Amino acid sequence: MAEQKIYLLRHGATVANEQHLYCGKSDLPLSPTGLDALHRRAAQGGYPKAEGCRVCTSGMLRTRQTLEALYGSIDSETLPAFREIDFGAFELQSYEQLREREDYQTWLSGDNARNRCPGGESGEDVANRVRPAFDALLADGRDTILVTHGGVIAAILTDLYPDSLNSRYDWQPEPGCGWALTFREGKPVS
């Protein structure tokens, strides 16, 4: 029974990450610090080898720059379904900037996986967008490196491991980090 590996890598740090801003649809570049951190990690090893893998990004600048920093100039596919959540009215703002807003408190309260950002998406919207695209990666059968976003990775892992005690925030790796998943017959085994 053949195994398939899917590597979910979060893009490197942007200025928005460093300033703790909600950043989804804004097509920001990596920060100099984020780019430097990726180069250091790549020199130390630990990232999967690209040879023989299908390589994909969400198409956003920060994912393309991460791919280039880690692997140089290699062929890759753009899969827009793996773009980050659209934070709508909260885009490029921090908790401190938003905390007094009633719509922000409403979004945070209760089940913000289902609560939609004003003018944007909910966590559930992202999961519904990502699920068929991820199923297509599995159906393809090839080992895959996907450079994407923290919210997307959280949506995938929450869907794959619904009985886990982890919240979707627990599944989000630090910038430049990720998860290596092994599948057998389309089911996650590690």
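These remarks concern the structure in this document. Not measured: the values here are computed from a predicted model.

**Concerning the side chain of Thr63**
Argument step 1. Following the sequence through the fold, Thr63 ends up in helix H3 (residues 61–71).
Argument step 2. Looking at Thr63, the relative accessible area reads 0%, which means it is buried.
Argument step 3. Here the side chain of Thr63 touches Met60 through a polar contact of 2.7 Å, landing on its backbone oxygen.
Argument step 4. Those residues in contact with Thr63 that sit more than four places away from it in its chain are His11, Thr57, Ser58, Val147, Thr148 and His149.

**Quick look at the packing of helix H6 (residues 123–140) against helix H7 (residues 150–160)**
Argument step 1. Relative to each other, H6 and H7 sit at 75 degrees, their axes nearing to 9 Å. Accordingly, the angle class assigned to the pair H6 and H7 is roughly perpendicular. Residues Val126, Ala127, Val130, Arg131 and Phe134 of H6 pack against Val152, Ala155, Ile156, Asp159 and Leu160 of H7.
Argument step 2. Residue composition of the contact of H6 with H7, by class: eight nonpolar, no polar and two charged.

**Some details on the environment of Tyr71**
Argument step 1. Counting through the fold element by element, Tyr71 comes out in helix H3.
Argument step 2. As a C-alpha pair, Tyr71 and Pro48 span 23 residues in sequence and 9.8 Å in three-dimensional space.
Argument step 3. Contact partners of Tyr71, with chain neighbours within four places excluded, come to Leu9, Tyr47, Pro48, Ala50 and Ile145.

**Observations concerning H6**
Argument step 1. The end-to-end C-alpha distance of H6, which contains 18 residues, comes to 26 Å, matching closely the 26 Å that a straight helix rising 1.5 Å per residue would cover.
Argument step 2. Of all the bends in H6, the greatest reaches close to 30 degrees and is centred on Val130; the proline Pro132 follows between one and four positions later.
Argument step 3. For H6, every residue scored as buried is listed here: Gly123, Val126, Ala127, Val130, Ala133, Phe134, Leu137 and Leu138.
Argument step 4. Packing partners of the buried residues in H6 comprise strand S1 (3–10), strand S2 (54–57), strand S4 (144–148), H7 and strand S5 (178–184).

**Some words on the pattern of salt bridges**
Argument step 1. Enumeration according to the criterion identifies 13 salt bridges in this entry.
Argument step 2. A salt bridge links Arg129 to Glu121; the shortest N-O distance between them is 2.9 Å.
Argument step 3. For Arg129, a relative accessible area of 23% corresponds to the partly exposed category.
Argument step 4. Residue class for Glu121 comes out buried when judged on its relative accessible area of 15%.
Argument step 5. Between Arg142 and Asp140 there is a salt bridge, with the nearest N and O atoms lying 2.7 Å from each other.
Argument step 6. Since its relative accessible area comes to 41%, Arg142 is described here as partly exposed.
Argument step 7. Among the charged side chains, a network of salt bridges with common partners joins Arg54, Glu77, Asp140 and Arg142.

**Some details on the nonpolar core**
Argument step 1. Formed by 31 residues in total, the largest nonpolar core has its most connected members in Leu8, Phe82, Phe90, Phe134, Leu137 and Ile156.
Argument step 2. Of all the elements in the fold, those that place two or more residues in this core are S1, helix H5 (102–108), H6, H7 and S5.
Argument step 3. Beyond its immediate chain neighbours, meaning those up to four positions away, Phe90 contacts Tyr22, Leu98, Arg101, Asp103, Tyr104, Trp107, Cys117 and Pro118.

**Topic: the sheet that holds strand S3 (residues 77–78)**
Argument step 1. Ordered by their spatial adjacency, six strands build an open sheet running S3-S2-S4-S1-S5-S6, and the pairing between neighbours is mixed. Strand pairing shows two members of the sheet lacking a second neighbour, S3 and strand S6 (187–188), which therefore form its edges.
Argument step 2. One ladder, built from two bridges, connects S5 with S6; its direction is antiparallel. What sits directly across from Arg184, in S6, is Lys187.

**What to know about the state of the cysteines**
Argument step 1. Under the defined criterion, the tally for this structure stands at zero disulfides.
Argument step 2. With no disulfide of its own, Cys117 has Cys23 as its nearest cysteine by sulfur position, at a separation of 13 Å.

Each value, and the rule that gives it
Each residue is numbered by its place in its chain's sequence as written, counting from 1. Restriction of local features to residues with pLDDT of at least 70 applies here, the model being predicted, together with a cutoff of 80 or more for giving and counting side-chain atom pairs; totals for whole chains, interfaces and linings are based on all residues. Hydrogen atoms and water are omitted, and side-chain values are computed over all heavy atoms in the structure. Runs of H or I in DSSP of at least four residues are treated as helices and runs of E of at least two as strands, each being numbered from the N terminus. Buried means the residue's accessible area, taken with a 1.4 Å probe over protein chains only, is under 20% of the maximum for its type, while exposed means over 50%, and partly exposed covers the values in between. Pairing of N or O atoms within 3.5 Å defines a polar contact, subject to two protein rules: one partner must be a possible hydrogen donor and the other a possible acceptor, and residues neighboring in sequence count only if both atoms are side-chain atoms. Contact definition: two residues touch when any of their heavy atoms are within 4.5 Å. Lines fitted to C-alpha atoms define the axes here, with helix axes fitted over just the stretch in contact, and angles between the N-to-C directions of these axes take values from 0 to 180 degrees. Our angle categories are set so that under 35 degrees counts as roughly parallel, over 145 as roughly antiparallel, 65 to 115 as roughly perpendicular, and the remainder as oblique. Residues were grouped as follows: Ala, Val, Leu, Ile, Met, Phe, Trp, Tyr, Cys and Pro as nonpolar; Asp, Glu, Lys and Arg as charged; and all remaining residues, including Gly, as polar. A helix is expected to reach a length of 1.5 Å times the quantity of its residues less one. A residue's bend is simply the angle between two axes: one fitted to the seven residues ending at it, one to the seven starting at it. The term salt bridge refers to a pairing of a side-chain nitrogen on Lys or Arg with a carboxyl oxygen on Asp or Glu at a separation within 4 Å. Think of a nonpolar core as a cluster: buried Ala, Val, Leu, Ile, Met, Phe, Trp, Tyr and Cys residues, connected wherever their side-chain atoms sit within 4.5 Å. Pairing between strands requires that DSSP locate at least two bridges from one strand to the other. Note on terminology: disulfide denotes any pair of cysteine sulfur atoms within 2.5 Å.

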